[in-house]
Amino acid sequence: MDQLNAMRAFVRVVEVGTFTRAAELLDLPKPTVTKLIQQLEGHLHAQLLNRTTRRVTVTMDGAAYYERALRVLGEIDELDQSMTSSQARPSGRLRIDVSVPLATDIILPALPGFHARYPEIQIDMGLSDRPADLIGENLDLAVRAGAIDDQSLIARRIGEMMLITCATPGYLAKHGTPQHPRDLEDGHLAIGYRRAGTSRILPFTFASAKETIEIQGDYVVSLNEGTGYVAAGLAGLGIMQVPTFMAMAHIAAGRLVPVLTDWCTKPKPLHIIYPPNRHLSNKVRVFVDWLAELFARNALLQGKPLLPCPGGVAAGALAHQPEQAA
């Protein structure tokens, strides 16, 4: 028995909960994974997994073995990396997931520079706004805006997006220009945004030097993805709160007009998130460092608003308010 391969197979089965999915992620036939686990249990004289027709669960012995196997595999990977890093360029497939706007507006235009520096790294990029299942989807990392709900994930903060409230000239000509956030609740429409996988529409949040206001306006359409959200706003379907980096070109071209500029909106933190209990490979390390540098060079991803925030309201004034996403 190849004990190291058996250990890796066992760890993957525990993490994803099925032999079939583990075999897919390991790029092995399912019978091979099954045989590796059986041989490992025979070698240890212990049952590590409880098998049912629908799900695999870990036994008490299996849970203890899993924790130690993670440490052992992590130390082996770290040792391999330390021995090869000075002799070889980072290489291999890098599996990441990012939102569509960050990918199309920020990351992909700059990616040729990364490829020129690290030509042996291949990137498999998924595009979504939904919470990422890093282990189940075998992802190396994801980039997410807003609060990180899963506290078991490791998160590195790399920036902050400011939001701007805006609408098309045609919409404002028809409905009028709001002078106060409460106007959005009377005769106006808001583009609704909801987190992927939920039906809850996130409120608009505004702050002045004197007060903070949440608005849950009427809407014609709600969306759970940023590019579609902006497209709905550009179609004149309502007023929206959108990250400044997504609105800048449209405002400059006259397609969107900022409104309620006497009020600040809540900034959204940007994080790179990693699976728990994993050591970062060289390919992940260099990509994370490159991404952090890329975001650091963009003022609109470091908390700088398109328009000055009036009234002396600092970005931190909204730090503890409910999240508004776009």
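In this text the structure is predicted, and so the values were computed from the model without any measurement.

### Describing the confidence of the model for the protein chain
Low pLDDT means the predicted coordinates in that region are not meant to be read closely.
Right, on to step 1. When pLDDT is averaged across the protein chain, the result is 84; 88% of the residues are at 70 or more.
Right, on to step 2. Predicted confidence is poor over residues 311-326, with pLDDT under 50, and the contacts of this stretch with residues over four places away or in other chains come to 47 contacts.

### Focus on the sheet that holds strand 10 (residues 212-215)
Hydrogen bonds along the backbone pair up the strands of a sheet, which may run parallel or antiparallel.
Right, on to step 1. Pairing is antiparallel in the open sheet, where three strands are placed in the order 10-9-14. In this open sheet, the two strands that pair with only one neighbour each are strand 10 and strand 14 (264-265).
Right, on to step 2. Alignment of strand 9 (residues 204-207) against strand 14, held across two bridges, turns out to be antiparallel. Each bridged residue has a counterpart across the sheet, and for Ala207 the counterpart in strand 14 is Cys264.

### What to know about helix 8 (residues 244-252)
Right, on to step 1. Taken together, the buried positions of helix 8 are Thr244, Phe245, Met246, Ala247 and His250.
Right, on to step 2. After helix 8 finishes, the residue Gly254 shows a positive phi value of roughly 85°.

### A word on the nonpolar core
The tendency in soluble globular proteins is for nonpolar side chains to be buried as a group.
Right, on to step 1. Ranked by size, the top nonpolar core spans 57 residues in total, and within it Leu141, Phe287, Leu291 and Phe295 carry the most contacts.
Right, on to step 2. For Phe295, the contacting residues outside a window of four places in its chain are Leu102, Ile106, Ile107, Val143, Ile158, Leu270, Leu301 and Gln302.
Right, on to step 3. If you look at the next biggest cluster of nonpolar residues, it comprises 24 residues, including Val11, Val16, Leu48 and Val56.

### A few points about the packing of helix 2 (residues 19-26) against helix 3 (residues 30-44)
Right, on to step 1. Running from N to C, helix 2 and helix 3 point in directions that differ by 105°, and their axes come no closer than 8 Å. Taken together, the axes of helix 2 and helix 3 are roughly perpendicular relative to one another. When helix 2 is examined against helix 3, the residues Phe19, Thr20, Ala23 and Leu26 are found in contact with a partner set consisting of Lys30, Val33, Thr34 and Ile37.
Right, on to step 2. Here the residues of the contact of helix 2 with helix 3 are counted per class, giving five nonpolar, two polar and one charged.

### Considerations on the side chain of Asn138
Right, on to step 1. Mapping Asn138 onto the fold places it in the loop between strand 4 (121-127) and strand 5 (141-145).
Right, on to step 2. According to the relative accessible area criterion, Asn138 is buried, its value standing at 14%.
Right, on to step 3. Separated by 3.1 Å, the side chains of Asn138 and Arg12 make a polar contact.
Right, on to step 4. Beyond its immediate chain neighbours, meaning those up to four positions away, Asn138 contacts Arg12, Leu25, Arg95 and Asp133.

### Things to note about the pairing of strand 15 (residues 268-274)
Right, on to step 1. In terms of burial, strand 15 is largely enclosed, as seven of its seven residues are buried.
Right, on to step 2. The two faces of strand 15 match: Lys268, Leu270, Ile272 and Tyr274 on one face and Pro269, His271 and Ile273 on the other face are all buried.
Right, on to step 3. Of the pairings in the sheet, the one linking strand 5 to strand 15 comprises four bridges and is antiparallel in character. Across the sheet, Ala142 pairs through a bridge with Ile273, a residue of strand 15.
Right, on to step 4. Looking at chain direction, strand 6 (residues 154-161) and strand 15 are connected through seven bridges and run antiparallel. From the neighbouring strand, Arg157 faces strand 15, where its bridge partner is His271.

What counts, and at which threshold
- Numbering of residues starts from 1 in every chain and runs along the sequence as written.
- A pLDDT threshold of at least 70 governs which residues receive local features in this predicted model, and a stricter bar of 80 or more applies before side-chain atom pairs are shown or counted, although totals over entire chains, interfaces and linings include all residues.
- Think of the side-chain values as coming from all heavy atoms in the structure, minus any hydrogens and water.
- Per residue, pLDDT captures the predictor's confidence, and it can take any value from 0 to 100.
- Throughout, a residue-residue contact means that at least one pair of heavy atoms, one from each residue, lies within 4.5 Å.
- Note on pairing: DSSP must find at least two bridges between two strands before they are called paired.
- Secondary structure elements follow DSSP: runs of H or I of four or more residues count as helices, runs of E of two or more count as strands, with numbering from the N terminus.
- Throughout this description, buried means an accessible area under 20% of the type-specific maximum (1.4 Å probe, protein chains only), exposed means over 50%, and partly exposed covers the range between.
- Definition used in this section: a nonpolar core is a set of buried Ala, Val, Leu, Ile, Met, Phe, Trp, Tyr and Cys residues joined via side-chain atoms within 4.5 Å.
- All axes are obtained by fitting lines to C-alpha atoms, using only the stretch in contact for helices, and the reported angles, taken between N-to-C directions, cover 0 to 180 degrees.
- With respect to orientation, any angle under 35 degrees is reported as roughly parallel, any angle over 145 as roughly antiparallel, any angle of 65 to 115 as roughly perpendicular, and every other angle as oblique.
- Residues are grouped as follows: nonpolar covers Ala, Val, Leu, Ile, Met, Phe, Trp, Tyr, Cys and Pro; charged covers Asp, Glu, Lys and Arg; every other residue, Gly included, is treated as polar.
- Identification of polar contacts relies on pairs of N or O atoms within 3.5 Å, with a donor-acceptor requirement for protein atoms, meaning one able to donate a hydrogen and the other able to accept it, and with residues adjacent in sequence counted only if both atoms are side-chain atoms.

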